[in-house]
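Observations on the three-dimensional arrangement
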Amino acid sequence: MFKINSLWRKLIVIILLTIAGAYISLPSNLSVNIHQFGLNIEKNITRPALNIQVGSFRFFRDLNLRLGLDLAGGSHLEFEGDISKIGTEDQASAMDAAREAIERRVNIFGVSEAQVSTSKVGSSNRIVVELPGVKDTQEAVNLIGTTARVDFRAVDPTSTDSTISGAPMTLENTLSTGFTGQDLLRAKSAFDTTSGRPIVSFEIKSESIKKFGDITTNLVGQRLVVFLDERAISAPVVQTPITTGTGQISGQFTTEETKALSGLLNSGALPVPIKLIEQRSVEASLGQEAVQRSFAAAGVGLAMVVLFMILSYGRLGVLAIMALVVYGVLALSIYKLVPIVLTLPGIAGFILSFGMTVDTNILIFERMKEELRAGRSWRASMETGFGRAWSSIRDANVATVIIAFILLNPFNFSFLHTSGPVRGFAITLIIGVMLSLFTGIFVTRTLLRLFTKRE
Amino acid sequence: MDWIKFRPLYLLISGIAITASVYAMVVWGFRLGIDFTGGSIVEYHLEGNVDKSKVEAVIRNEAKDNTKALRWLGDDNLESRFGVGFTQEQAKKIGSNISDIVSVKVDIFRYEEVGPTFSQEILKKTLYAVMLTSIGILVFIGLQFKDWRFGVFAIVALLHDIIILSGTFAFLGHFQGVEIDILVVTAFLTTFSLSLYDTIVVYDRLRESLVRHAGESMYMLANRSVTETAVRSLNTSLTSIFLLLALFLLGGDSIKWFTFALLVGVISGTYSSPFVAVPLIVTWDQIRKSWKKN
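Attention here is on the structure that accompanies the text. (Residues numbered from 1 in each chain as written. Chains lettered and ligands numbered in written order. Predicted model: local features only at pLDDT ≥ 70, side-chain atom pairs only at ≥ 80, totals over all residues. Heavy atoms only, no water.)

This part takes up the environment of L206 of chain B. Residues and elements named next belong to chain B. Note on placement: L206 falls in helix 7 (residues 182–212). Each C-alpha atom, one on L206 and one on A222, is 6.0 Å from the other, the two residues being 16 residues apart in sequence. Contact partners of L206, with chain neighbours within four places excluded, come to F150, M218, L221, A222, S225 and I281. (Helix = DSSP H or I, 4+ residues; strand = E, 2+ residues; numbered from the N terminus. Contact = heavy atoms within 4.5 Å.)

Written as structure tokens, this is what we have:
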């Protein structure tokens, strides 16, 4: 017979897991207002984040549920990088450098939880930017999309335009001095001390100070033209050589422009020009309303499931409900711990695996009923029922794992999905199925063994 | 209970469903969302009562030929679809034009723009994934069940469900303007998984019976397997249907048709396991045996 010890031990493990799971599943701020039955409770329960530090090992999770853009609202931008001028060996690192520069720009923009990632689709190199809560994508696109190559150039004395005063400066009639945005240490939006107009003031990297000093010495009395990509934005005449290591770019700028320009300078130029190929923005309130209604609807649906299980299977039904609660709590915890960004297809994956978990329990119960009808004892029916049901459960779940695995494409084969909603579906499905197998074997069976001790 | 006896009835039901679906697909086609065609979708929210035709006129005035479709969701939300080349500035300009002409506050609830090349990929990748999955499933079932027939007919049952779901969307696209987007693709994948899961559970019973009662005919064993799994099948699908029905009737608008698609998928997936997959394998078995005789 069973060692009651090991059984109770398993139950304790289950209870501990459930409590841990429930704790993690709680929202970070829960206000409790109960003014009934003579109780007057008004408390705000805050659940702290998870912060584990053991020596040099640090594990931090803020334990908030991350909602995808389709649920929380925000913008999704996808850019394609033009790598035609870059050799194949350098393409990957160029795209990575571009990704980092864009990430810096996005952070300057001040978007919390923005995600910037690279992806490769066929021969196209992409950068995906997700900005939760940002609705106006135009500004974001403008800021992110400029290559922002800043070049300090001098007028080309050999070009015909150099003799015409007032001729527009272009890349063709100027020569690079070798001093670019890369030589700048830091840029700041400021105001000119004499004219009061907006300018960009910069500090030069220590190793480039001499270079700038030489250039300005050579160009005294001539124009030093500052280019942003192909556009000349400033063309002052050099009065005296600049050896102090600081300087400023002045022109017909507005404060917004100087702020944007200093942001671009600080984040660095993109090594690769990029083009916008897709954008989506969803208003948060729209998403939120839908989410709330759906939660309510799901609550109703779940209540009906509970009712049904109890009506159909009686006390066994209650066991199944307990197992399902453990399942739900653990699933939510995993989503928060990994963390997984939950999207609508992700919820579909969860619903599917939830249904499969319910089914697992039903399969076991039906088999048990069969054995009972054949005249076996409770205990024997349970054991045989479980064993017989297991092969169906295992086969069906493995088949589903195969599907989810291929959709998830964890090895990033480029002919399969490398990003997006389908993967979101696949990951909740895989987690759901594995968790389902676990709760089936561990939780349901233990609960069954403990609570059906009748002979 | 002799389920298999009613084979012709199941064939009739499936036949009608499939024919109707194919008809819907051929005659009405699908409404492809911008995920697959490229272009822009702008959802305008108007505060107050407006003359709808006036609002539409303003839009067409600005976007001209590029206006692909205008769909009113309720009385205050207008979903407008534009072709490739439409910009966000245009969307804002139209918003303020509408506001000027009909004197109500106009908000842009949603703006989505998809480049033309991007859209093709998702379809391609999903198809690859489905093909790869089918091969994987066939191999797995072949190995587990030691009989390739099970795999083949499971896939046939799967196809049956997919066709019906596609037909449903062709129907919905025509009558309700429902578009095929990524969410719909997810619904298809869910149905795919569910149908397969359900079919395997029934087949597993059949396989077990074949081993345990080796002498009996496939016909009898199939009947018994269906009976044995019937209650479980019904109960499981009922729980899913409860959940989905609640979501469909009470949940947010944006997921209404997605939930509906899942509902259709669950019902057809549950139906196809005992009434398509099983009769097929029994019939095949009988055909094979009569060949052997001859």
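A few words now on the side chain of T270 of chain B. All names here are of chain B. Summarising the element assignment, T270 is placed in helix 9 (residues 256–293). For T270, a relative accessible area of 15% gives the class buried. Within the local environment of T270, its side chain forms a polar contact with the backbone oxygen of V266, the two atoms lying 2.6 Å apart. Here T270 is in contact with D198, S233 and S237, once residues within four sequence places are set aside. (Buried < 20%, exposed > 50% of the residue type's maximum accessible area, 1.4 Å probe, protein only. Polar contact = N/O pair within 3.5 Å; in protein donor to acceptor, adjacent residues only side chain to side chain.)

So, about the packing of aromatic side chains. Under the criterion given, the structure shown has 26 aromatic pairs over all chains. Summarising the aromatic geometry, the rings of W284 of chain B and W291 of chain B are spaced 6.2 Å apart at their centres and angled 75 degrees between planes, so their arrangement reads as edge-to-face. For W291 of chain B, a relative accessible area of 55% gives the class exposed. In this structure an aromatic cluster arises from ring pairing among F152, F179, F202 and F212 of chain A. One cation-aromatic arrangement involves R153 of chain A over F227 of chain A; the distance from NZ or CZ to the ring centre is 5.6 Å. (Phe/Tyr/Trp six-rings, centres within 6.5 Å; stacked < 30°, edge-to-face > 60°. Lys NZ or Arg CZ within 6 Å of the ring centre and 35° of its normal.)

With 67 residues of chain A in contact, the opposing surface of chain B contributes 63 residues. Both sides together, the interface formed by chain A and chain B hides about 5800 Å², and carbon and sulfur atoms give 64% of it. Here chain A and chain B share four salt bridges between them. As a salt-bridge pair, R367 of chain A and E208 of chain B come within 2.8 Å of each other at their nearest N and O atoms. For the interface between chain A and chain B, the tally reads nine residue pairs in polar contact (both at pLDDT 80 or more). Breaking the side of chain A that touches chain B down by element, the ones donating at least two residues are helix 4 (137–145), strand 16 (274–282), helix 7 (284–313), helix 9 (344–373), helix 10 (378–408) and helix 11 (421–451) of chain A. If one sorts the elements of the side of chain A that touches chain B by residue count, helix 9 of chain A sits on top with 16 residues. For the side of chain A that touches chain B, a count of residues per class yields 36 nonpolar, 16 polar and 15 charged. Examined bridge by bridge, strand 16 of chain A and strand 4 (residues 105–114) of chain B share five bridges and lie antiparallel to one another. (Buried area = accessible area lost by both parts, 1.4 Å probe. Salt bridge = Lys/Arg side-chain N within 4 Å of Asp/Glu carboxyl O. Nonpolar A, V, L, I, M, F, W, Y, C, P; charged D, E, K, R; others polar. Pairing = 2+ DSSP bridges.)

Residue and element names in this part refer to chain A. On the basis of which strands lie adjacent, the open sheet formed by three strands has the order 11-12-15 and antiparallel pairing. Each end of this open sheet is capped by a strand with a single partner; those strands are strand 11 (184–191) and strand 15 (246–250). Adjacent strand axes in the sheet meet at a mean angle of 25 degrees, parallel and antiparallel pairs treated alike. By the bridge criterion, five bridges tie strand 12 (residues 198–204) to strand 15 in an arrangement that is antiparallel. Along strand 15, the bridge assignment pairs S201 with Q248. Together, strand 11 and strand 12 form the strand contacts of helix 6 (residues 255–267), whose direction differs from that of strand 11 by roughly 170 degrees. (Axes fitted to C-alpha atoms, helices over the stretch in contact; angles between N-to-C directions.)

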